[in-house]
Amino acid sequence: MKYTLPIGPVHPALKEPVLFEFELNGERIANVDIKLGQVHRGIEWAGMRRNPVQILYLAERICGICSVSHPFAFSMAVENAAGIEVPERAEYIRVIMAELERIHSHILWAGVAAHEIGFDTVLYLTWRVREKVLDIIEYLTGNRINKAIFMIGGVRRDITKEQIPKVREALDYYKGLFNKLVKIFLHDKTIKMRTEHVGILTKEDALKTCAVGPTTRASGVPKDVRQDYAYSAYADLNVKAITPDIYRKKFAGDVYDRIIVRLFEVKQSIQIIEQCIENMPGGEIVSEPKIPKLLAILKKAVGEGIGRHEAPRGEVFHYVKLDGKEAPYTWKARAPTYNNVLAWIPMLKGEQIADIPIVAASTDPCISCTNRVSVIKGRNKYTLTKEELHKLSVEKTRGMRNGIL
Amino acid sequence: MTPEQIVYRFKSQFGDKIKTVKIETKEAAVKKNKFSIVWLRIDREIFRDAVKTLTDIQQFPHLSVVSGNDLGDEIELLYHFTVNYGEHLKEIPVNICVSVPKSDPKIPSICDLIPGALITEREKQEMLGVEVENIPDSRRIFVPDDFPENVYPWRKDEKGIPESMIKKLYEVK
């Protein structure tokens, strides 16, 4: 007998608000319908009423994790539309930031995937080792997640010589850890049992649905914007798209292959950052440091442009049309999951109910996190601890109460 | 295929139905590797044939997304394709732009050629009020079911979001 089972929009098994309606045949999924839009915030609509520099910070908040990817693609779209050149050094800093984001995103995903199959000790391990890269991001930009490093025509903060040893130390830490992660994720019997031949996406389906990122690469499609398209410093770096044949000759496009791709992409990101540090050219980090002057240039600009970047989950795409006014005439932002939604259907069909969480998670959900505040003024940095924040909060409450009383 | 060859292919096949052609070529970072972006503005009647031509160049062209501009009397739809992906620095974005008049805002679906176009076509229906003909699934996707009919958020005319629907959080007491 067939029956339907709704899961979502808010459900403990899913980390993202999306509604699945499963048509079940016993334990097997016969068909699935996906309903989106539960968190559509009208960001593009809001953006068309702001100037490009304001949009940069709005774009950073589209996704809790891709806080480099969206500003990256948006800046490129505006630079393309307005004909702004980016200094070479800024291109390298952009790429370092994007790759640090990939490392933290992929390790976070590995933890979530382990949690979805009930392997919580691995969740704790991966999220603990992820802290190192967040510390480096905070060290370089001042914040763990919303980095505010991008500016149209460059970046806002330089990476100095004194900062590099600490970055190298973190990279060495992950290099030393890589074999351990491979052993845990690719050799473990439990993980193999739950992920091999589960959630299969064939190469043909991946191509047909225009899937992007590790989802499509795990099915054997070598599609990677960093490899295919000469943009930013990636054009200098000879990046190669990672497909599961790097680890096993016969692959199926299952969840296990998605683990392979993401793990080896962490290794690749480390190499990319090292190359960037070694070959980083000198010079300016932004084409126009004065924001009012930049805004005046953008206000006069007329044209349209596209920006594409390979985020941890796949291609991010932004389209901008400028028509000589303060706000852009049109702004379209497209996140990678948008293209991976249709790929869920062939993955889920024929699977069991208990496989829903890991298959849904295998295209990579995201959770944003911020649990402390760092204040950076010039080069001086101080971190507010939880206790200090609590003290500030208590003082504010008392102050307000005194004002009222 | 180089960007020039792609443009030549379209021009020789469709002649003056291709309204404007633009190839932007830029250099990236230190090694100055070149990349190109192709913009084609075409007539609505050859739209499906143009996408078919693209599938001849590469069997499954990648469709990034479809974006849209409200240009007053017309709605412009921009299909952002890429071809030649999978090879180092060979990918070429091909943006095929089609205008449809607001009095007859219809565009044929390309889901049979590129199944991955479904979500973005559904989005264009609800955001811009374009009717995608022969779309396999015409339900709404991002706007909720109780969203009013005939209001299209990306429109800049009287069918756009009315002032009465905007909640200004900073004015809430």
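Residues numbered from 1 in each chain as written. Chains lettered and ligands numbered in written order. Predicted model: local features only at pLDDT ≥ 70, side-chain atom pairs only at ≥ 80, totals over all residues. Heavy atoms only, no water.

Caption draft 1: Quick peek at the overall build of chain A. Summing up its helical and strand segments, chain A has 16 helices and ten strands in all. For chain A, the accessible surface area stands at approximately 16600 Å², while carbon and sulfur atoms represent 55% of it. (Helix = DSSP H or I, 4+ residues; strand = E, 2+ residues; numbered from the N terminus. Areas by Shrake-Rupley, 256 points an atom, 1.4 Å probe, with all protein chains shown as cover.)

Caption draft 2: Spatial organisation of the packing of aromatic side chains. Residues and elements named next belong to chain A. Counted under the stated rule, the structure contains 15 aromatic pairs over all chains. Where Phe-72 meets Phe-150, the ring centres are 5.3 Å apart and the plane angle is 40°; that geometry is what we call tilted. Taken together, the residues Phe-72 in helix H3 (residues 69-82) and Phe-150 in strand S4 (residues 150-151) connect sequence positions 78 residues apart. On the basis of relative accessibility, which here comes to 0%, the residue Phe-72 falls in the buried class. Here Phe-150 falls in the buried class, since its relative accessible area comes to 3%. (Phe/Tyr/Trp six-rings, centres within 6.5 Å; stacked < 30°, edge-to-face > 60°. Buried < 20%, exposed > 50% of the residue type's maximum accessible area, 1.4 Å probe, protein only.)

Caption draft 3: View of the sheet that holds strand S3 (residues 28-35) of chain A. Residues and elements named next belong to chain A. The strand order across the open sheet built from three strands is S1-S2-S3, with neighbouring strands paired in antiparallel fashion. In this open sheet, the two edge strands, each paired with only one partner strand, are strand S1 (2-7) and S3. Strand-to-strand twist in this sheet, taken as the mean axis angle between neighbours without regard to direction, amounts to 20°. As paired strands, S1 and strand S2 (residues 19-25) are joined by six bridges and run antiparallel to one another. Each bridged residue has a counterpart across the sheet, and for Lys-2 the counterpart in S2 is Asn-25. Contacts from helix H14 (residues 336-348) reach S2 and S3, with the element oriented near 170° to S3. (Pairing = 2+ DSSP bridges. Axes fitted to C-alpha atoms, helices over the stretch in contact; angles between N-to-C directions. Contact = heavy atoms within 4.5 Å.)

Caption draft 4: The arrangement of the pairing of strand S2 (residues 33-42) of chain B in detail. Residues and elements named next belong to chain B. Along S2, seven of the ten residues are buried, which leaves the element largely enclosed by surrounding structure. Judged from the ten bridges that link them, strand S1 (residues 18-28) and S2 form a sheet pairing that is antiparallel. By the bridge assignment for S2, Lys-22 is matched with Trp-39. Hairpin connection of S1 to S2: four residues between the antiparallel strands, including Ala-29 at a positive phi of 50°. With five bridges connecting them, S2 and strand S5 (residues 92-101) associate as parallel partners. Within the sheet, the bridge partner assigned to Trp-39 lies in S5 and is Asn-95.

Caption draft 5: Layout of the sheet that holds S5(B). All names here are of chain B. Taking strand neighbours across the sheet as the criterion, the five strands line up as S1-S2-S5-S4-S3 in an open arrangement whose pairing is mixed. The open sheet has two edge strands, S1 and strand S3 (62-70), and neither has a second partner. Direction aside, the axes of adjacent strands within the sheet are offset by 20° on average. Taken together, the eight bridges between S3 and strand S4 (residues 74-83) define a ladder with antiparallel strand orientation. Residue pairing for S4: Leu-63 is matched across the bridge by Phe-81. Here helix H1 (residues 3-14) sits on the sheet and contacts S1, S2, S4 and S5; the angle it forms with S1, its principal contact strand, is near 175°.

Caption draft 6: How the structure looks around the packing of helix H4 (residues 88-116) of chain A against helix H5 (residues 120-141) of chain A. Residues and elements named next belong to chain A. Running from amino to carboxyl end, H4 crosses H5 at an angle of 165°, the nearest separation of the two axes being 8 Å. One element, H4, and the other, H5, form an angle in the roughly antiparallel class. Between H4 and H5 the crossing geometry is left-handed. Each residue belonging to the contact of H4 with H5 can be placed in one class, and the counts come to 17 nonpolar, five polar and two charged. (Parallel < 35°, antiparallel > 145°, perpendicular 65-115°, else oblique. Left-handed = near helix turned anticlockwise from the far one by under 90°. Nonpolar A, V, L, I, M, F, W, Y, C, P; charged D, E, K, R; others polar.)

Caption draft 7: Looking closely at the interface of chain B and chain A. Of the residues lining the interface, 55 residues belong to chain B; the matching set on chain A comes to 49 residues. Note on chain B versus chain A: buried area summed over both sides is about 4400 Å², and carbon and sulfur give 59% of it. Where chain B touches chain A, the interface holds five salt bridges. Where A:Lys332 meets B:Glu123, a salt bridge forms, and the shortest distance between an N and an O atom there is 3.0 Å. Elements supplying a minimum of two residues to the side of chain B that touches chain A: S1, S2, S3, S4, S5 and helix H3 (118-128) of chain B. Broken down by element, the side of chain B that touches chain A gets its largest block of residues, nine residues, from S3(B). Residues belonging to the side of chain B that touches chain A are distributed by class as follows: 27 nonpolar, 14 polar and 14 charged. (Buried area = accessible area lost by both parts, 1.4 Å probe. Salt bridge = Lys/Arg side-chain N within 4 Å of Asp/Glu carboxyl O.)

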